[in-house]
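Okay, here's what each chain looks like letter by letter:
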Amino acid sequence: MKPLSTFSLILRDVWSGLFLRDMFCEFLGTVLFLFISLSSVLLWPHAGPLSWDSITDDPLPTLDSSLACSPDPLHVSLAFGVSLTLACVCLGEVHLNPVVTLALVAGLKVSPWRAVFSVGAQLLGALSACALLLGITPTSLRSNLGVNEVAPGVYLYQALLVEMAVTFQLVLCVQAVTHPKSAFSSVAPAVIGLSVTLGHLVAIGFTGCGMNPARSFGPAVLTMNFHNHWVYWVGPCAGSLLAWLLHDLVLHPRWTCLGDWVTECKETFLKDLFKQSRGPENHMEA
């Protein structure tokens, strides 16, 4: 098939109403998920004794900012898990995470061009969520907007392994509950939310818990802090691919060797393009 013809067929798919709706859901879901989640990371000082005489037009002086405070790992973990569940229930089959999209592409469940636009929508959603959070948060409390940072004393290879591990269990959970024969498909959002909560409980002390490159990308861009930012891309991507390999090649084998995967990949790609050339919209779902 000629490259120009292939490109025109891809554009036809991209310009469909279903595709645009899916991308909007990815964007809106990521905004909802990260706005709620990152709000839990902000360091609000503990409230001191209040009285009618102490209340002024400025709410911040009524807070005892001299008291040191830090995010409670359980509080943050629950916020991330519950907000993800909420977004999935409200918007349906959304990814909200570039590494989940990566695993679905590797499993031939999502076309490459759809994956590119999905990841773009997720990153744009992350930036929008962080910008909104930055706009409504008092200046003195903006802190670092929840930028992920490797904890002192943790080596980079350790941080990388932790990010791989927590992302591995997340992506494996996503693939398990969305499998056609899964007994948990009806409660998939809740199970995935528990997986996110578990990942944060494990990784917050090491890396702040990325597990989602979009979650790490938004705060890093808004604060222009990219120190060790690569850890939060390489680790999750590696963990995602390892989870895909385990699920599709060991637990529920779909191919006997890499050559079979390459063959099916080509056939699937050409089949999708052929369907588009015949006219109907592509209804592929994750």
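Since this is a predicted model, take the numbers as computed values, not measurements. Sequence positions are assigned chain by chain, starting from 1 and proceeding in written order. Totals for whole chains, interfaces and linings use every residue, but because this is a predicted model, local features are given only for residues with pLDDT of at least 70 and side-chain atom pairs only at 80 or more, for both listing and counting. Side-chain descriptors were evaluated using all non-hydrogen atoms of the structure, hydrogens and water having been removed beforehand.

### Considering the overall build of the chain
Helix and strand assignments come from DSSP, with helices taken as H or I runs of at least 4 residues and strands as E runs of at least 2, each series counted from the N terminus. A tally of regular secondary structure across the chain gives 10 helices and zero strands. Helices and strands in the chain line up, N terminus first, as α-α-α-α-α-α-α-α-α-α. Between buried and exposed lies partly exposed: a residue is buried under 20% and exposed over 50% of the maximum accessible area for its type, with that area taken using a 1.4 Å probe on protein chains only. Counting all 286 residues of the chain, 44% fall into the buried class. Pairs of residues are marked as contacts when any of their non-hydrogen atoms sit within 4.5 Å. Residue pairs at least 24 apart in sequence account for 78% of intrachain contacts in the chain once pairs closer than 6 positions are excluded. Counting only carbon and sulfur atoms, one obtains 70% of the accessible surface of the chain, whose full area is about 14,700 Å². Only the protein chains shown count as cover for residues, and all accessible areas are computed by the Shrake-Rupley method using a 1.4 Å probe.

### Digging into the state of the cysteines
Here is the idea: a disulfide is a covalent bond, and it sits between the sulfur atoms of two cysteines. The disulfide criterion is simple: two cysteine sulfur atoms within 2.5 Å. If you walk through the whole model with that rule in mind, you get zero disulfides. For the unlinked cysteine Cys88, the closest cysteine sulfur is that of Cys90, found at 9.4 Å. By relative accessible area, which is 12% here, Cys88 ends up buried.

### Details of a nonpolar patch on the surface
For patch detection, residues must exceed 30% relative accessible area and be free of salt bridges, and they are connected within 9 Å for like charges or within 5 Å for nonpolar side chains (Val, Leu, Ile, Met, Phe, Trp, Tyr). Within this document, salt bridges are pairs made up of a side-chain nitrogen of Lys or Arg and a carboxyl oxygen of Asp or Glu, the two lying within 4 Å of each other. On the surface, a cluster of nonpolar side chains totalling about 400 Å² of accessible area is made up of Leu242, Leu245, Leu249, Val250 and Leu251. Relative to the helices and strands, Val250 resides in helix 9 (residues 231-251). Residue classification places Val250 among the exposed residues on the basis of a relative accessible area of 53%.

### Focus: the packing of aromatic side chains
Between the rings of Phe, Tyr and Trp (Trp by its six-membered ring), a pair exists once the centres lie within 6.5 Å; its type follows the angle of the planes, with under 30 degrees stacked, over 60 edge-to-face, and the other angles tilted. If you walk through the whole model with that rule in mind, you get four aromatic pairs. Between Tyr155 and Tyr157, the aromatic rings sit 6.0 Å apart at their centres with planes inclined by 15 degrees, giving stacked as the arrangement. A single burial state applies to Tyr155 and to Tyr157, both of which are exposed.

### Side note on the nonpolar core
With 37 residues, the main nonpolar core has Phe33, Phe80, Leu84, Leu96 and Ile192 as its most contacted residues. Put simply, the parts of the chain that give this core at least two residues each are helix 2 (17-39), helix 3 (73-91), helix 4 (98-106), helix 5 (112-136), helix 6 (156-177) and helix 7 (188-207). For Leu84, the contacting residues outside a window of four places in its chain are Phe33, Leu96, Ile192, Gly193 and Val196. Among buried residues, the Ala, Val, Leu, Ile, Met, Phe, Trp, Tyr and Cys ones that are joined through side-chain atoms within 4.5 Å form a nonpolar core.

### Examining the confidence of the model for the chain
For the chain, mean pLDDT is 82; residues scoring 70 or higher make up 78% of the total. Per-residue confidence from the predictor is given as pLDDT, running between 0 and 100. Looking at the elements of the chain, mean pLDDT is at its lowest for helix 1 (residues 3-14), recorded as 60, and at its highest for helix 6, recorded as 96. The model gives residues 47-52 a pLDDT under 50, and that stretch makes five contacts with residues more than four places away or in other chains. In this model, residues 279-286 is a region of pLDDT below 50 whose contacts with residues beyond four sequence positions or in other chains number 21 contacts.

### A word on the packing of helix 5 against helix 8 (residues 213-223)
Angles shown run from 0 to 180 degrees and are taken between the N-to-C directions of axes, each axis being a line fitted to C-alpha atoms and, for helices, limited to the stretch in contact. Between helix 5 and helix 8, the shortest axis-to-axis distance is 8 Å and the interhelical angle comes to 50 degrees. On the basis of the axis angle, helix 5 is oblique to helix 8. Here helix 5 runs over helix 8; the crossing is right-handed. Of helix 8, the residues touching helix 5 (which contributes Gln122, Leu123, Ala126, Leu127, Cys130, Ala131 and Leu134) are Ala214, Phe217, Gly218, Pro219, Val221 and Leu222. These descriptions rest on fixed angle ranges, namely under 35 degrees for roughly parallel, over 145 for roughly antiparallel, 65 to 115 for roughly perpendicular, and the rest for oblique. Handedness of a crossing is defined here by the sense of rotation of the near helix relative to the far one, left-handed for an anticlockwise turn of less than a right angle and right-handed for a clockwise turn.

### Some thoughts on unusual backbone geometry
Although it is not a glycine, Met211 adopts a positive phi angle of roughly 60 degrees. Relative to the elements of secondary structure, Met211 occurs in the loop between helix 7 and helix 8. Overall, Met211 belongs to the buried group, its relative accessible area being 2%.

### A short note on the layout of surface pockets
The gaps of empty space that remain are located by a probe, the size of a water molecule, rolled over the atoms. Approximately 590 Å³ is the volume attributed to the largest pocket. Taken together, 30 residues line the largest pocket, and the ones lying closest to its centre are Glu93, Val94, Val174, Thr178 and Ile192. Those elements that provide at least two residues to the lining of the largest pocket are helix 3, helix 4, helix 6 and helix 7. Ranked by the residues each element gives to the lining of the largest pocket, the list is headed by helix 7, at five residues. Note on residue categories: nonpolar means Ala, Val, Leu, Ile, Met, Phe, Trp, Tyr, Cys or Pro, charged means Asp, Glu, Lys or Arg, and polar means any other residue, Gly included. Class assignment for the residues of the lining of the largest pocket results in 18 nonpolar, eight polar and four charged. A pocket, in this scheme, is an open set of points on a 1 Å grid over the protein atoms alone with protein on both sides within 12 Å along at least 5 of 7 lines, while a cavity is a set where a 1.4 Å probe fits but cannot get out; residues line either one if an atom lies within 4 Å of a point. Grid points are joined across faces, edges and corners, and a volume is the space filled by probe spheres set on the points.

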